[in-house]
Structures are given as structure tokens and as C-alpha cells.
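# Fold and contact review
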Amino acid sequence: MTKPKIWLSSPHMSGKEFEYVKEAFDTNWIAPLGPHVDGFEKDLCDFTKSTNAAALSSGTAAIHLALILLDVKAGDEVICQSFTFSASANPIVYQGATPIFVDSETDTWNMCPIHLRKAIEDRIAKGKKPKAIIPVHLYGMPAKMDEIIAIANEFDIPIIEDAAEGLGAHIDGKACGTFGKLGVLSFNGNKIITTSGGGALLSNNEDYIKKARFLATQARDAAPHYQHSHIGYNYRMSNVCAAIGRGQMTVLQDRVNQRRLNFELYSNHLANISGISFLNEPVGYYSNRWLSTILVDPSKTNGVTREDIRLALEKENIESRPLWKPMHMQPIFENYPFYGDGTAERLFEQGLCLPSGSNLDENELLEVVKIIKNLF
Ligand SMILES: *Cc1c(COP(=O)(O)O)cnc(C)c1O
């Protein structure tokens, strides 16, 4: 008999979602608009202290609309963190623009300010000023926003903050998703909270959010007939999905707390193994610890690699996964410009995401610990 699977990060319902979904059914608001969509947007604003939010069909749609709002067009260049999920970069190509990839630094694993500056200066020297910068809060660890914003301001380039993995994280109390001109959230099934699939765009600029809602609902001009003066998209969130989101928002901080406890348990049991290391929070930084990650340095573990650990866990029906493979190493993106020094490549070589769901119990986490310890 195979053991029940331990997943990397699976949906974790609170039970309240169904009451909101039932309300959507009872009132027949089964559409990509409705009171739960408005309510979910308000919940997101209350939690993040953003002044405006648009609930959308996915985080990818939110990034795409952010690029459109910043007027990114064919032939433009957009700087993007290389160490991320492909959805950070794909919408740049949807627009016919060119992604310019930038490496990570080792304190947060996110966009390196030094390479960001080099990239901007070199692109300008080559004749094109980048139209936007996309830093990411990978695995829920905030990027070095102070330094990134200072550089963005110096060159007057807007920031689209990919906080798809960063809901609930903050720097000195300021929520991830509220640093950039536009911030992106995701509620995919594996994220810290889920709407079964969905996303949101945050901004303190109300015009951006109004325009995002307009573009996301097929860009219908005000007229009794169907009148269009813009290309539109079908990117709005459904009222049924938003109902799930409203239930999830009631437990968001609990989910963050649990994921942080997962990280603590892993690090308490594994950090003293030679060659295994954890990413600590810089002073003032608060990670949501969406995924607990380790680095495995085979030169200090007597040759044990992250792949040995992954396979040992897989044998016991436990899901773990290498860290994101950097975009500049991906077949589809490898010919685009990249500015870096090998940091993201090393993180990919040595890094592993451990089971991190907020619905895992202590015995499951200790099972993971035991299997890893047995390799040493
Ligand atoms: C999940 C994710 C996205 C995309 O969000 P979807 O809602 O799945 O479209 C974008 N960027 C990062 C870093 C993500 O992890």
C-alpha cells in the first residue's frame, strides 16, 4: 500500500468559503462580476493597505494588464528578475516586448540592485531605456525594495511588483504588492490562499485600477450598444471565485503563521546539518514563508545533493521540488539579454522546496525531517 501523498503546497480551505459561495448561488450572482468581487477587492485593500485593487482571472493576467497600463508595446524592453516562475516574464512577450533578465542577490534571492543598475545603464547605452522593472518576492521573501525603488526613481522607470508569492509578507509593516506603481497577486491553487485560480492588481493610483477593470471586461465604452475604442480582455474574476477568496481572507494571517511555523520546524531540525542552509530574514523583513526552501552544498555534505534528497522524499510519496529554474536558462528565453554573475544558477543547482502547506501536521513535517536526516 502506498502512503498518502504529502504535497508541496495544497489548497487549505477554512470552511467559511462555502457560506460565501452559497450566497453567490442564492442570489444568482454567477458571473465575472458581483458583490463578492467588490467585497474581495475591499478585503485585499484592508489587508495590504493598498487604496485600490482589481480582482482578475489570474496573476498572469494582472502582469499583462500592468504592462498594458504602462504602455509597454512591441519593440520595448522590460527588465525582469530571472530567478522566478515563467509567468513573471511571459506577458512581456505577449506585448511583443523584449525581456531583459537580471540576476538575484544572496540576502533575499531576489533582484540584485547592482545588476539592475548595470542592466539599465547598458540598455540605455545601447539606445533603449527599459519601460518597466519587474522584481519578484520569491517564496514570500521580500525583495530589496528600498534599493530597487531608489534606482527605479533615479532612472524614472516604473516598477511592477510581482507579489504573486508574497501576499502577507512585508518590510517594516509595508505590505508586499504596495511598493511598486502596480502590484500583482496570485490566488492559484498552490499559493498561500487560493480562489481556485485568480489574481489581483493593486495600485495607489485609482486611474490605473479603473482602467484595468475596463480592459479586463472587454473594454466596453459607455453606450447602449457594444462600442469599442480599445482592445479588450476577458480577465475579470468570477463572483464564485471571489466568494472562495473572501472565505480565504478570513484566515490569511493564520495561513502565514502556519507556514512560518513550518519553516521554523525545518530549520530547528535541519540547520545544524553541515552543508544545509536556510534563507534568513534581513532585519525588518517579514517573509510569509510560502515555501520552506533549503540549499544543499554537496562540497560540505559529503556529496549529498538536493537531487538525492528529492528522490529520497519521492520514494516515500513526498513531493519536493528544485527551486525555480532561472528564465535566462530556459530554452524559450535563453537568447534574451541577461545581467548577472551566476547567483540564480547556483541557487537552482543547490536549492530544494520542501513540503510547505499550511494544512500539513507536525507528524508529516517530522517525517520529511527524518527522511532527510537519514541521508546524513
Ligand atoms: C504563480 C505566479 C505567477 C502567476 O500567477 P497565476 O495566478 O498562476 O497566473 C506569477 N509570478 C510568480 C512569481 C508566481 O509564483
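Quick caveat: nothing in here was measured; it's all calculated off a predicted structure.

Let us now look at the overall build of the chain. Helix and strand counts for the chain stand at twelve helices and 15 strands. Relative to a compact globule of 376 residues, whose C-alpha radius of gyration would be 21 Å, the chain shows 21 Å and is just as compact. For the chain, the spread of C-alpha atoms along the principal axes amounts to about 70 × 60 × 35 Å. By the burial criterion, 57% of the 376 residues in the chain qualify as buried. Summarising the internal contacts of the chain: among those between residues at least 6 apart in sequence, 72% fall at separations of at least 24. Of the side chains in the chain, 37 bear a positive and 44 a negative charge, and the two mean positions are spaced by 2 Å.

Looking at the assigned domains, one finds that the chain contains domain 1 (17–249) and domain 2 (252–374). Averaged C-alpha coordinates put domain 1 and domain 2 at centres separated by 25 Å. Each side of the interface is counted separately: domain 1 has 48 residues, and domain 2 has 38 residues. Per-residue buried area on domain 1 facing domain 2 is highest for Trp109, Tyr139 and Ile192; these three make up 22% of the total on that side. Connecting domain 1 to domain 2 are zero salt bridges. Summed over the shared surface of domain 1 and domain 2, the number is 25 residue pairs in polar contact (both at pLDDT 80 or more). For the side of domain 1 that touches domain 2, the elements supplying multiple residues, two or more each, are helix 4 (90–94), strand 3 (98–102), helix 5 (113–125), strand 6 (170–171) and helix 8 (239–249). In terms of residue class, the side of domain 1 that touches domain 2 is made up of 23 nonpolar, 15 polar and ten charged.

What follows is about the packing of helix 2 (residues 35–48) against helix 8. Remark: helix 2 packs on helix 8, axes separated minimally by 8 Å, with the N-to-C direction vectors making an angle of 35 degrees. Once helix 2 is placed against helix 8, the crossing between them reads as left-handed. Across from Pro35, His36, Val37, Gly39, Phe40, Asp43, Leu44 and Phe47 in helix 2, the residues of helix 8 making contact are Asn239, Ala242, Ala243, Gly245, Arg246 and Met249. Of the residues contributing to the contact of helix 2 with helix 8, the split by class is eight nonpolar, four polar and two charged.

Before going further, it helps to examine unusual backbone geometry. Apart from glycine, the bulk of residues carry a negative phi angle, and the bulk of peptide bonds sit in the trans form. For Asn28, which is not a glycine, the phi torsion comes out positive at approximately 60 degrees. Tracing the chain through its elements places Asn28 in the loop between helix 1 (17–26) and helix 2.

Another aspect to go through is the sheet that holds strand 10 (residues 276–277). With respect to topology, four strands assemble into an open sheet ordered 10-12-15-13, the strand pairing being antiparallel. If you trace the sheet from one side to the other, it starts and ends with strand 10 and strand 13 (321–322), each paired once. Taken together, the two bridges between strand 10 and strand 12 (residues 292–296) define a ladder with antiparallel strand orientation. When the sheet's bridge partners are listed, Ser277 is paired in strand 12 with Leu295.

Within the fold, Arg289 resides in the loop between strand 11 (285–286) and strand 12. Classification of Arg289 as buried rests on a relative accessible area of 7%. Separated by 189 residues in the primary sequence, Arg289 and Ile100 place their C-alpha atoms 28 Å from one another. Residues in contact with Arg289, not counting those within four places in the same chain, are Tyr139, Met141, Arg259, Arg260, Phe263, Leu279, Asn280 and Glu281. Polar side-chain contacts of Arg289 include one of 2.8 Å to the backbone oxygen of Leu279.

The gaps of empty space that remain are located by a probe, the size of a water molecule, rolled over the atoms. Tallying each qualifying case throughout the model produces two cavities of 30 Å³ or more. Roughly 50 Å³ of volume is contained in the largest cavity. In this structure, the largest cavity is lined by Trp109, Leu138, Tyr139, Met141, Leu279, Ser287, Arg289, Leu291 and Thr293. In terms of residue class, the lining of the largest cavity is built from six nonpolar, two polar and one charged. Lining the lining of the largest cavity are residues from two domains, each supplying at least three of them: domain 1 (17–249) and domain 2 (252–374). In this structure, the second largest cavity spans a volume of roughly 40 Å³. In terms of lining, the second largest cavity is formed by Ser10, Pro11, His12, Lys191, Ile192, Ile193, Thr194, Gln248, Arg259 and Ser358. Along the lines of polarity and charge, the residues of the lining of the second largest cavity split into three nonpolar, five polar and two charged.

What counts, and at which threshold
Residues numbered from 1 in each chain as written. Predicted model: local features only at pLDDT ≥ 70, side-chain atom pairs only at ≥ 80, totals over all residues. Heavy atoms only, no water. Helix = DSSP H or I, 4+ residues; strand = E, 2+ residues; numbered from the N terminus. Rg over C-alpha atoms; globule rule 2.2 N^0.38 Å. Buried < 20%, exposed > 50% of the residue type's maximum accessible area, 1.4 Å probe, protein only. Contact = heavy atoms within 4.5 Å. Lys, Arg positive; Asp, Glu negative; His and termini not counted. Charge placed at Lys NZ, Arg CZ, Asp CG, Glu CD. Domains from an automatic or database assignment. Buried area = accessible area lost by both parts, 1.4 Å probe. Salt bridge = Lys/Arg side-chain N within 4 Å of Asp/Glu carboxyl O. Polar contact = N/O pair within 3.5 Å; in protein donor to acceptor, adjacent residues only side chain to side chain. Nonpolar A, V, L, I, M, F, W, Y, C, P; charged D, E, K, R; others polar. Axes fitted to C-alpha atoms, helices over the stretch in contact; angles between N-to-C directions. Left-handed = near helix turned anticlockwise from the far one by under 90°. Pairing = 2+ DSSP bridges. 1 Å grid on protein atoms, 1.4 Å probe; cavity = no way out; pocket = protein on both sides within 12 Å on 5 of 7 lines; lining within 4 Å. Points joined across faces, edges and corners; volume = space filled by probe spheres on them.

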